[in-house]
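If you want the building blocks of each chain, they are given just below.
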Amino acid sequence: MSSVLRQYLTITGNYWLFTLTDGAIRMLVVLHFYQLGYTPFTIAMLFLFYEFFGIVTNFVGGWLGARIGLNRTMQLGTGLQILALLMLTAPDAWLTVAWVMTAQALSGIAKDLNKMSAKAGVKMVARQGNSQLFRWVAWITGSKNALKGAGFFLGSLLLAWLGFQGAMGALAALVGIGFVMTLTLPAGMGAIRQKAAFGQMFAREPAINWLAGARVFLFASRDVWFVVALPVFLVSMGWDFHWVGAYLALWVVGYGIVQALAPRLIGARRDRIGHGDADIGPGGRAAIGWGLALILPLGAVLAAFALGLTSVWVITLGLAFYGMVFAINSATHSFLILRYSSDDNASMNVGFYYAANAAGRLLGTVLSGLSYQTIGITGSLAIALAFVVLAVVFSLRLPALEPTTG
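Residues numbered from 1 in each chain as written. Predicted model: local features only at pLDDT ≥ 70, side-chain atom pairs only at ≥ 80, totals over all residues. Heavy atoms only, no water.

J.: Please explain the overall build of the protein chain as it appears in this structure.
T.: Helix and strand counts for the protein chain come out as 13 helices and zero strands. Listed by position from the N terminus, the elements making up the protein chain come as α-α-α-α-α-α-α-α-α-α-α-α-α. Each of the 406 residues in the protein chain was classed as buried or not, and the buried ones make up 56%. Here the contacts in the protein chain between residues at least 6 apart in sequence split such that 85% fall between residues at least 24 apart. Accessible area of the protein chain: about 16,100 Å², with a carbon and sulfur share of 70%. (Helix = DSSP H or I, 4+ residues; strand = E, 2+ residues; numbered from the N terminus. Buried < 20%, exposed > 50% of the residue type's maximum accessible area, 1.4 Å probe, protein only. Contact = heavy atoms within 4.5 Å. Areas by Shrake-Rupley, 256 points an atom, 1.4 Å probe, with all protein chains shown as cover.)

Pasting the structure below:
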């Protein structure tokens, strides 16, 4: 096995183990604290710091990765996740809102350090052209999302078998395996010779800024209906909690599978007009086209509702199609941020980009509850449609890609 492939598999393996626990923690916290009698709003507040610190961590993490190396930021993120899990093995009497929010804050920091390190790390090891980079980033991203859905199931099973504290201990041991794996990565991976000043985090190329803006609204369009509005709507339509959880988990798994297959579904070579058969990968036109395609499922569901077709299957099937198209959008964006970045600024650009991603999730999460409470599921979907349009508007300024040279 080549050293490049071994490094990629190490990065991916650690990311898989981390993601499995990330999905499991979310399900464990929701179910356990619901059993303890916490209100839905209080449970939602437990995740507030998790989302907020994602924005901060991506800014700082990208700069830190450029200074000390992506191997170190990955180890730091993995270690913080172990600490957060061990905090949640405390007795129930210790599990106050403040304690759990602190643990979730650490987990949010850990997650985004790990994600930034993994995505930028792929840029460091993918050396055989953009088609390979597209395949590898799509695979690591898609498999991550599929495993996050699997983590929902794992969390439920561990809660039944081991209880809350036992489940957290088992997850900490699982992440510990990932930590040991990261020790084999080369020292200083992704660090740049001239140490980056923190102010460089805000000195972005125009393409990076436009892509980050598109990413904010792309993910806000998903979370404005996914986080609160859809689960509450399904319960109001008579679905059992377990069926709601199963649907959401299957949606995430299916989304991840499509994301991993995106290079095959849309082709690894795009925007090659005038370049013959150059190894370019998808570019600005692909982002625009797939963004426009995302309007179709949302528009179809809203049109069906306007015609009085309010069956739960209308929205679940419509959003399943939305998930497939969204997955290709997300995979294309994840490739573009790496393709637009040089090796020297990859970690800082990825950090800036995923800070925008986290901001979109936070915006969507807040508006999901607010919009559903005030204007219902139709209003949540209408806002999602508006966000998709804004994502397309930002994508209009994305450049087509030039062939790789050298």
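From this point, the discussion proceeds with the structure in view.
J.: Can you walk me through the nonpolar core in this structure?
T.: For soluble globular proteins, nonpolar side chains are generally found buried alongside one another. Among the nonpolar cores identified, the biggest contains 43 residues, and Trp 225, Leu 230, Trp 251, Ile 315, Leu 319 and Leu 381 are the most heavily contacted of them. Elements that contribute at least two residues to this core include exactly helix H7 (206–226), helix H8 (229–236), helix H9 (241–266), helix H11 (295–306), helix H12 (312–339) and helix H13 (346–395). Per-element accounting of this core gives the leading share, nine residues, to H9. Not counting residues within four places of it along the chain, the set of residues in contact with Leu 381 comprises Trp 225, Leu 298, Val 301, Leu 302, Ile 315 and Leu 319. Membership of the second largest hydrophobic core comes to 30 residues, among which are Ala 24, Phe 47, Ala 103 and Leu 113. (Core = buried A, V, L, I, M, F, W, Y, C linked by side-chain atoms within 4.5 Å.)

J.: Would you take a moment to explain the confidence of the model for the protein chain for this structure?
T.: Detailed conclusions should not be drawn from predicted coordinates in areas where pLDDT is low. With 82% of its residues at a pLDDT of 70 or more, the protein chain shows a mean pLDDT of 80. Ranking the elements of the protein chain by mean pLDDT puts helix H2 (residues 40–45) last, at 68, and H11 first, at 94. Considering only residues more than four positions removed or in separate chains, one finds that residues 270–279, a stretch of pLDDT under 50, has 28 contacts. Low pLDDT, under 50, characterises residues 402–406; the predicted model gives this stretch ten contacts beyond four residues in sequence or across chains. (pLDDT = per-residue confidence, 0-100.)

J.: I tried to follow the packing of aromatic side chains on my own but got confused; where do I start?
T.: Within a pair of aromatic rings, the relevant descriptors are the distance that separates the centres and the angle that separates the planes. Under the definition given, this model contains 16 aromatic pairs. An angle of 85° between the planes, with centres 5.9 Å apart, marks the rings of Phe 33 and Phe 164 as edge-to-face. Here Phe 33, found in helix H1 (residues 3–35), pairs with Phe 164, found in helix H6 (residues 130–182); they are 131 residues apart in sequence, far enough to count as distant. Of the two residues, Phe 33 and Phe 164, neither departs from the other in class, the shared state being buried. Taking 5.7 Å as the distance between ring centres and 40° as the angle between the ring planes, the aromatic pair formed by Phe 217 and Phe 387 counts as tilted. Placement of Phe 217 in helix H7 and of Phe 387 in helix H13 is noted, with a sequence separation of 170 residues between them. Judged by relative accessible area, which is 18%, Phe 217 ranks as buried. The class of Phe 387 is buried, set by a relative accessible area of 9%. (Phe/Tyr/Trp six-rings, centres within 6.5 Å; stacked < 30°, edge-to-face > 60°.)

J.: Hey, could you run me through the environment of Leu 106 in this one?
T.: Assignment of secondary structure puts Leu 106 in helix H5 (residues 97–125). As a C-alpha pair, Leu 106 and Phe 53 span 53 residues in sequence and 8.4 Å in three-dimensional space. Those residues in contact with Leu 106, other than ones at most four positions away along the chain, are Leu 80, Leu 83, Ala 84 and Met 87.

J.: Please explain the side chain of Ser 330 as it appears in this structure.
T.: Among the secondary structure elements, Ser 330 is positioned in helix H12. Within polar-contact distance, the side chain of Ser 330 engages the side chain of Gln 259 at 2.8 Å. Residues contacting Ser 330, with those up to four places away along its chain left out, are Arg 215, Leu 218, Phe 219, Tyr 255 and Gln 259. (Polar contact = N/O pair within 3.5 Å; in protein donor to acceptor, adjacent residues only side chain to side chain.)

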